[in-house]
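Next come the chains, spelled out residue by residue.
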Amino acid sequence: MKKINRDFYLRDVNIVARDLIGKILVHGETSGIIVEVEAYKGPEDKAAHTYNNKRTSRTEIQFREGGYAYIYMIYGMYYCFNVTANSNDKPEAVLVRALEPLEGIEIMKERRKTEKLINLCNGPGKLCQALNITKENYGEDLCGNNIYILDNKNNKNSAMNIITSPRINIDYAEECKNFLWRYFIEGNKFVSKV
């Protein structure tokens, strides 16, 4: 399988988000098939950390060209892994919400303190814990060799039924909470929430 190149990421966030479904996220000895994502299209998206072009030390990586890891913490305890998209000064990101575990499952079970395969990566915080993705990975080049995404030739996007829905837990985003910018594989048991 081939690593995704930079051009893949240099597109509109919703195109990148949909096309990430079925690809393989790799970190160290662990990997999983991406089964659920959400697109965040700052600066016009009230749910995005870069709404109104808000530029902080946390969001700075989103203002570079696409293809970098944007990591942040929620609830003071869980990391979330995002893929930056589009070109310079177009701050957009895709939150990877769930993976179907592929390699390093025993390592993931140990990190997550569970024997239940279904609970390893069915949420953004869970998948980061399972793959050991932390703030140390912030800003890493996804075209590099530490954390990256592989094109999965065995999982054709066109063969999957990809469902769209509103994003999860963004009630504060006013009208933007209704945008159908969440993408997931219909019937996949590893999706975080149907």
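The structure we're discussing is the one just above.
Bear in mind that the values here come from a model prediction, so they are computed numbers and not experimental data.

Asks: Which parts of the structure should I look at to understand the pairing of strand β6 (residues 147-150)?
Replies: Successive side chains on a regular strand alternate, one facing one side of the sheet and the next facing the other. Both faces of β6 are covered, namely the face carrying Ile-147 and Ile-149 and the face carrying Tyr-148 and Leu-150. Looking at chain direction, strand β1 (residues 24-27) and β6 are connected through four bridges and run antiparallel. Looking at β6, one finds that Ile-24 is bridged to Leu-150.

Asks: Explain helix α2 (residues 13-20) to me, please; I cannot follow it from the model alone.
Replies: Because the α-helix completes a turn every 3.6 residues, residues three or four places apart line up on one side. Where α2 is concerned, the buried positions are Val-13, Asn-14, Val-16, Ala-17 and Leu-20. On an axial view of α2, the arc spanned by its buried residues comes to 160°, and they lie on one face. In this structure, the buried residues of α2 make contact with α1 (6-9), β2 (30-41), β4 (78-85), β5 (92-103), β6 and β8 (182-185). Sitting at the head of α2, Asp-12 places a side-chain oxygen 2.9 Å from the backbone nitrogen of Asn-14. Just beyond α2, the residue with positive phi is Gly-22, at close to 95°.

Asks: Could you clarify how one ought to interpret the nonpolar core in this entry?
Replies: A general tendency of soluble globular proteins is for nonpolar side chains to be buried together. Counting residues in each nonpolar core, the largest one holds 47 residues, and the members touching the most others are Leu-25, Phe-81 and Val-83. It is β2 that contributes the most residues to this core, five residues altogether. In this structure Phe-81 touches Leu-25, Ala-69, Tyr-70, Ile-71, Val-94, Leu-95, Val-96, Cys-128, Ile-133, Leu-142 and Ile-147, once residues within four positions along its chain are discounted. Among the nonpolar cores identified, the runner-up in size contains 13 residues, and Ala-48, Ile-61, Ile-170 and Cys-176 belong to it.

Asks: What am I meant to see in helix α4 (residues 124-131) here?
Replies: Within α4, six of the eight residues are buried, which leaves it mostly tucked inside the rest of the structure. Packing partners of the buried residues in α4 comprise β1, β2, β4, β5 and α3 (105-112).

Asks: What is the right way to read the side chain of Asn-14 from this model?
Replies: Note on placement: Asn-14 falls in helix α2. A polar side-chain atom of Asn-14 sits 2.6 Å from a polar atom in the side chain of Tyr-183. Excluding residues that lie within four positions of it along the chain, Asn-14 makes contacts with Ala-39, Trp-181 and Tyr-183.

Asks: How do you make sense of unusual backbone geometry when you look at a structure like this?
Replies: Glycine aside, residues mostly have negative phi, and peptide bonds are mostly found in the trans state. Residue Pro-43 is bonded to the preceding Gly-42 through a cis peptide linkage, with omega at 5°. In this fold, Pro-43 is placed in the loop between β2 and β3 (69-74). Of note, the phi angle at Asn-53 is positive, near 60°, even though the residue is not glycine. In the Ramachandran plot, Tyr-75 falls in the positive-phi region, its phi being about 55° despite a non-glycine side chain. Its place among the elements puts Tyr-75 in the loop between β3 and β4. Its relative accessible area of 64% is what places Tyr-75 among the exposed residues.

Calculation notes
- Residues numbered from 1 in each chain as written.
- Predicted model: local features only at pLDDT ≥ 70, side-chain atom pairs only at ≥ 80, totals over all residues.
- Heavy atoms only, no water.
- Buried < 20%, exposed > 50% of the residue type's maximum accessible area, 1.4 Å probe, protein only.
- Helix = DSSP H or I, 4+ residues; strand = E, 2+ residues; numbered from the N terminus.
- Pairing = 2+ DSSP bridges.
- Arc of directions from axis to C-beta.
- Contact = heavy atoms within 4.5 Å.
- Polar contact = N/O pair within 3.5 Å; in protein donor to acceptor, adjacent residues only side chain to side chain.
- Core = buried A, V, L, I, M, F, W, Y, C linked by side-chain atoms within 4.5 Å.

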